[in-house]
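Structural overview
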Amino acid sequence: MGDSESEDSDGEGGLGNVSRIIIRPPGVSGKAKRGHLCFDAAFETGNLGKAELIGEFEYDLYLRPDTCNPRFRFWFNFTVDNVKQDQRVIFNVVNMNKARNLFNNNLTPLVKSSSRPKWQRLPKKHVYYYRSPVHQNHYILSFAFSFDKEDDVYQFALAPPYSYSRLQSYLNFIENRQQNDKKFVRTSLAKSLQNRNIDLITIDEISCKSKSLRTERSFIRVIVILSRSYGNASPASYMCQGFLEFLLSAHKIAKILRENFVFKIVPMANPDGVFLGNNRCNLIGQDTNRIWHVANEYLHPEIYAIKNMLKEIDNSDIFQIDFVIDLHAHNSLHGCFIYGNTYEDVYRYERHLVFPRLFAAHVKDFAANNMMFNADDKKVGSARRFCCERLSDTVNAYTLEISLGGHYLKDGKTVALYTEDGYYRCGRNLARTLLHYYRFINILAEPLPADVRSKKRRPRTHQARSRSRQRYEVKPRPKTTRCSAPISYTNLSISYDSGGSSDEAFSPERHYRYAPRSSHLSGYRNYYRNPSSSLLSQAQDQFTLLRIKSGKFDTLHCGYKIGSKIPTRSIPLEQNEPKFEVSINIPPKPYLSIIDLNQLTRGSLNKKSHSFEYS
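Basis of the calculations
Residues numbered from 1 in each chain as written. Predicted model: local features only at pLDDT ≥ 70, side-chain atom pairs only at ≥ 80, totals over all residues. Heavy atoms only, no water. Helix = DSSP H or I, 4+ residues; strand = E, 2+ residues; numbered from the N terminus. Buried < 20%, exposed > 50% of the residue type's maximum accessible area, 1.4 Å probe, protein only. Contact = heavy atoms within 4.5 Å. Areas by Shrake-Rupley, 256 points an atom, 1.4 Å probe, with all protein chains shown as cover. 1 Å grid on protein atoms, 1.4 Å probe; cavity = no way out; pocket = protein on both sides within 12 Å on 5 of 7 lines; lining within 4 Å. Points joined across faces, edges and corners; volume = space filled by probe spheres on them. Nonpolar A, V, L, I, M, F, W, Y, C, P; charged D, E, K, R; others polar. Domains from an automatic or database assignment. Phe/Tyr/Trp six-rings, centres within 6.5 Å; stacked < 30°, edge-to-face > 60°. Lys NZ or Arg CZ within 6 Å of the ring centre and 35° of its normal. Pairing = 2+ DSSP bridges. Axes fitted to C-alpha atoms, helices over the stretch in contact; angles between N-to-C directions.

**A short note on the overall build of the chain**
From N to C terminus, the chain includes 13 helices and 23 strands. Relative to its 615 residues, the chain shows a buried fraction of 47%. For the chain, long-range pairs separated by at least 24 residues make up 69% of all intrachain contacts whose partners lie at least 6 apart in sequence. On the chain, roughly 33,900 Å² of surface is accessible, and the fraction owed to carbon and sulfur atoms is 50%.

**Focus on the layout of surface pockets**
Estimates place the volume of the second largest pocket at around 780 Å³. If you list the elements that add at least two residues to the lining of the second largest pocket, you get strand S16 (319-330) and strand S19 (396-403). A per-element tally of the lining of the second largest pocket places S16 first, with three residues. Class assignment for the residues of the lining of the second largest pocket results in six nonpolar, 10 polar and 11 charged. Among the domains, domain 1 (21-157) and domain 2 (164-441) are the pair contributing at least three residues each to the lining of the second largest pocket.

**Let's talk about the packing of aromatic side chains**
Two aromatic rings, taken as a pair, are described by how far apart their centres are and by the angle between their planes. According to the stated counting rule, one finds 35 aromatic pairs in the structure shown. Judged by centre distance (6.1 Å) and plane angle (55°), the rings of Phe 74 and Phe 103 are tilted. Residue Phe 74 is located in the loop between strand S4 (58-62) and strand S5 (77-81), and its partner Phe 103 is located in the loop between strand S6 (87-93) and strand S7 (110-113); the two are separated by 29 residues in the primary sequence. Owing to a relative accessible area of 1%, Phe 74 belongs among the buried residues under this scheme. Three or more aromatic residues link up through ring pairs in this structure, and these residues are Phe 39, Tyr 59, Phe 76, Phe 78, Phe 91, Phe 143, Phe 145, Phe 147, Tyr 154 and Phe 156. Cation over ring: Lys 50 sits above Tyr 62, and NZ or CZ is 4.6 Å from the ring centre. Here the basic side chain of Arg 196 rests over the ring of Phe 275, its NZ or CZ set 3.7 Å away from the ring centre.

**Considerations on the sheet that holds strand S13 (residues 197-204)**
Read from one edge to the other, the open sheet built from eight strands follows the order S12-S13-S15-S14-S16-S19-S17-S18, with strand pairing classed as mixed. Looking at the sheet topology across the chains shown, the edges are occupied by strand S12 (185-191) and strand S18 (372-374). Between one strand axis and the next, the sheet turns through 20° on average, direction left out of account. Bridge analysis of S12 against S13 gives five bridges, and the strand direction is antiparallel. Within S13, the residue paired with Val 185 across the bridge is Thr 202. In the packing of helix H1 (residues 164-177) onto the sheet, contacts are made with S12 and S13, and the angle to S13 comes to roughly 35°. Strands in contact with helix H6 (residues 301-314) are S12, S13, strand S14 (220-227), strand S15 (262-266) and S16; relative to S12, the strand with the most contacts, it is inclined by about 125°.

Right, dumping it as structure tokens:
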């Protein structure tokens, strides 16, 4: 097959899923015996087109391509029964269309049985992915398996299936669970070509207080979550369910998000493709994440209805779409990561990078190396590209991908395979990152809940003993008189031109622009060590921030004379700023003088300073 994807389908195009097909050895007819395997894929999300016995215990399996599109063949989901105790077989999936996938990197198929309903990965030593010259040089997935219970029905799948019926059961469950306290509204955007619902979950619990605040801003922020555009992207449905379950819970983060934002969630955008077991396409064989720019109501009613919803919200004078996040599953890369867009506007592009960086900082399994931002023509019909080009500039559209396999641990070599709980966790992390984002851009003023990262406390039996209060005695400090050294500044070179805070040297000729929450005369506090400082403190009290805000003083007719030798001098201010006069002691012009350092004792320093001042 080479590195490119195969376009042919080995002649199995047009075949439906196998339905209770029993494979007998050559020359054997009549009633099936134990060990004549029975294959079945005629159920929801099932996919297996044909099975052939090519040896005593080896079977070639052909995947059914997507309806009306033989190009896509990767998803498989089928059952096997009528097995014999300890029967060993080799299954060869011979017509996969993708050369690059996670089977090259330790991914293995899933299996479960009727007596063991939990999905488990096959051991890597029993799984092989290689190119076979016998099958037109295609890549083959081969795995060995041993059936240990005769009465069990065994099911094999690429990933944990999530069907349309399961989604309907879950939505009915959470809808019936909310009795008087309704946290969401469930509606149907449209009907698919096979008359299935396109469900829309709307969460809007904005309180009256929040609504009044948002009315002043003239808009309400909306977050749109899309999921399951592809049939094989079942991890995206688990991620969406984890997000929805967390958002409807009693967690404090969920409550803050519900009270401040409106959520529009479409949990399954391609119900026909999911039901049929397609890999990517819908009923008519079109890739639902490549036709957003040409979607119409007759061929693509699902995408057309979602587009109309987005345009209606975007054109509203009350609402503003902040996010459109499309949830997907990736079959060739590990971890979870984000695809974004690029913009010619640098400021919009920098704003677009904020959310992925916050998501990477709060998610342990995030794969930063797989993150990509592009604007190529190949993805022009995707939801991400459509929303960034056709909607307002305030919209941030992303594709959030999570691996069908697993994620790397801290050592960068070991791969931890995802389970259903891992996909749920990623959905919850998405909700938490939204809170961090809105706090980062100062939209949410609420602090983080104290119990987001609750620490486990030790039991009372392990707590440290309380210390006696009389164990340490604090002796009172002896009262001593402290006086400031009368150091003269006439002999120091002081620069009055450099800017800075109020701790710098004060100059009466400096033009001040007062910082908030600081006194107008904070520059004086270190330069008056004389009895007249009480007058200065009165001046500072008159010009505190509280009195400035209350306006209980007259800035034009208040002057305080400090000292008697120097006349009152006004402080020059900028225009449109309050003017006030304050009398201060201005030192003489600095000049250089020689000081004998041997004489600078505490007593002689005062004497020297007076001699320099009047010389």
